[in-house]
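# Structural characterization, general
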Amino acid sequence: MTKVATNPAPQLASADAEFYFPADEFFRSNQPAGLTYDDVSLATLYSDILPKDADTSTSLSEALHLHIPIISSDMDTVTESRMAIGMALNGGLGLIHYNMPAKEQIKEVARVKRHIHGLIQDPITVSPDEFIGDVLAMMAERKFTFSTFPVVADNGKLAGLLSGNVVKDRYRTKKVSEVMTPRTALITELEDNVASDPIAAADKFFTEHIGINKMLVVNAKNQLRGLVTSSDVEKITSEAKARRKPARDSQFRLVVGAAISALRKTTGALDTNKIIEHVGHLVDEHIDTVAVSSAHAHTAGVGDMVKAIRQAFPELTIIAGNVTSGSGVEFLSNCGANAIKIGQGPGSICTTRIVAGVGIPQLTALHVASKSARKNRVRLIADGGIAKSGDIVKALTIGDAVILGGLLAGCREAPGEIMEISGKVYKSYRGMGSLAAMKAGSAARYGHDKNDSAKKITAEGIEALKEVSGYVDDVLANLIGGVQSGMGYLGAATLDQLRQKARYIRVSPAGQKEAAPHDVIEVSTRKN
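Rules and cut-offs
Residues numbered from 1 in each chain as written. Predicted model: local features only at pLDDT ≥ 70, side-chain atom pairs only at ≥ 80, totals over all residues. Heavy atoms only, no water. Helix = DSSP H or I, 4+ residues; strand = E, 2+ residues; numbered from the N terminus. Buried < 20%, exposed > 50% of the residue type's maximum accessible area, 1.4 Å probe, protein only. Areas by Shrake-Rupley, 256 points an atom, 1.4 Å probe, with all protein chains shown as cover. Polar contact = N/O pair within 3.5 Å; in protein donor to acceptor, adjacent residues only side chain to side chain. Contact = heavy atoms within 4.5 Å. Axes fitted to C-alpha atoms, helices over the stretch in contact; angles between N-to-C directions. Parallel < 35°, antiparallel > 145°, perpendicular 65-115°, else oblique. Nonpolar A, V, L, I, M, F, W, Y, C, P; charged D, E, K, R; others polar. Salt bridge = Lys/Arg side-chain N within 4 Å of Asp/Glu carboxyl O. Pairing = 2+ DSSP bridges.

### So, the overall build of the protein
Scanning the protein from N- to C-terminus turns up 20 helices and 21 strands. Put simply, the protein has 528 residues, and 48% of those count as buried. As displayed, the protein has an accessible area near 26,100 Å², and 50% of this comes from carbon and sulfur atoms.

This is the structure we're talking about:
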């Protein structure tokens, strides 16, 4: 009798089922131990998809959809407008931190929402009456790596272009107006001509005007409206095919979120009016989500904040956290949150578990929280403890998205100075519970008052350095490539299928060693 080939059934064989368990059975069998990412591994399954075809899209509410399930953390050494723009252009979301004046946070949000890819809408300018010495001092103080500046008069009109060729110490006593290229000699482009597609317009401009590498954009009144560089156009054009679809709102603006501080009156009570006023300004800038961020969100204060914001803005997507229990998820859901952040103490620069003795290992916390999340129809976001793309895959077998801090802190888009130590280049990275961060404004996140000098502020985080890892485009490409590989191994075409198909096994210390490169001398240390 001839055997007929059939597609193998994508179920676990009986022998497999004895060792590889679905989430409920696996975590129940490992009680009372708390497990995190390195404690487990996922069992592979029959697959009929290629990793590159795996769909990594997710949603944080009915209104907020992302093409990749990655959010940059609302930390003051991770996310400001530049990082948020990079995240959204790659399909993710950036949460702008609140360790800054309220007006500045609103401006940061506005920069993201008004961003036109490739067009620098608020370029650094100089005045015709400044001296070259003043320009050199500004460059040194602000650590600019460029030396060409548009020259704008007091009336806001374009007066010329200061070329980097003359921004030199030998000319420091000369005025900008003496050495600049005057307006009459400049070739510019009208704002209306670039509005629909700045990159296509700039590409045509640079092709037609050989040798020019800056396109100055002006309006009909000759007021400077933006700047496009030829290097940016070349970079964007070459990466267009590789870049993932940007995450945009219904009006084609990039998506962005912002963290909200628990503002309090002198009596200690929540200053609800100020909170609502600030969120209102953010909503006026078309913000897509606000994150009520606290180290311990299962509290009356956080609940009251979420309720007040939900009552004032019924359609706004609200992220709240952090908690590590099902009751915490249910509490925040009942208060009006759409998505809940899970994680207390897992971050590389967080010391909450050491200082306060609290916190649950991350995978166990996610699993316990997921039961309540399904019941209350809210999304889960895994926040903290992720060191590699494999950890993201494991987190997504339970949650809807992940928040990254340390993995993005070394990106050039992250805030902070770049410093060189022993030939290596680093950026600062600190926990929002570190003394420096709390004094800068995040004390409320940990239940302290930064202005109360009578009481000691207890740190729950450290200050550290991260080696510069390149641009966020490249970092996210590596991470999402790893996520898609994991989905391919499980035969999961979507993240929903990944959650349905995941089977786990606990890994011994020897198994953890086996999982990493071993018994060799590494010549390349690039990590996903």
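From this point, things continue past the structure.
### Considering unusual backbone geometry
Cis geometry is found at the peptide bond from Gln31 to Pro32, where omega equals 0 degrees. Note on placement: Pro32 falls in the loop between α2 (23-29) and β1 (40-42). In this model, Gly321 is joined to Asn322 through a cis peptide bond whose omega is 20 degrees. With respect to the element layout, Asn322 can be found in strand β14 (residues 317-323). A positive phi angle, close to 55 degrees, is found at Arg377, a residue other than glycine.

### Re the side chain of His97
Considering the arrangement of structural elements, one finds His97 in the loop between β5 (93-96) and α4 (102-113). Here Asn99 takes part through its backbone nitrogen, which lies 2.9 Å from a polar atom of the side chain of His97. What His97 contacts, discounting residues up to four positions off in sequence, is Asp74, Met75, Asp76, Thr79, Glu80 and Gln105.

### Re the packing of helix α11 (residues 300-312) against helix α12 (residues 326-335)
In the contact formed by α11 and α12, the axes pass within 8 Å of each other and the chain directions differ by 30 degrees. Of the possible angle classes, the one that applies to α11 and α12 is roughly parallel. Residue-level inspection shows Val302, Gly303, Val306, Lys307 and Arg310 of α11 in contact with α12, the latter providing Phe331, Leu332 and Cys335. Its residues placed into classes, the contact of α11 with α12 shows five nonpolar, one polar and two charged.

### Here's the deal with the pattern of salt bridges
Across all of its chains, the model carries 19 salt bridges by this definition. Its salt-bridge partner being Arg499, residue Asp400 comes within 3.8 Å of it at the nearest N-O pair. Of the two residues, Asp400 sits in the loop between α15 (389-396) and β17 (401-404) while Arg499 sits in helix α19 (residues 495-501), which places them 99 residues apart along the sequence. Shared partners join several salt bridges into a network, and the residues in it are Glu104, Glu108, Arg111 and Asp122.

### Topic: the sheet that holds strand β10 (residues 214-218)
Strand order in this open sheet of three strands is β9-β10-β11, and the pairing throughout is mixed. Edge positions in the open sheet fall to β9 (188-190) and β11 (224-229), since each of these has one partner strand only. Here the strands of the sheet are splayed against their neighbours by 30 degrees on average, with no regard to which way each runs. With five bridges joining them, β10 and β11 adopt antiparallel strand pairing. Within the sheet, the bridge partner assigned to Val218 lies in β11 and is Leu224. Strands β9, β10 and β11 of the sheet are contacted by helix α8 (residues 198-208), whose axis makes an angle of about 125 degrees with β10.

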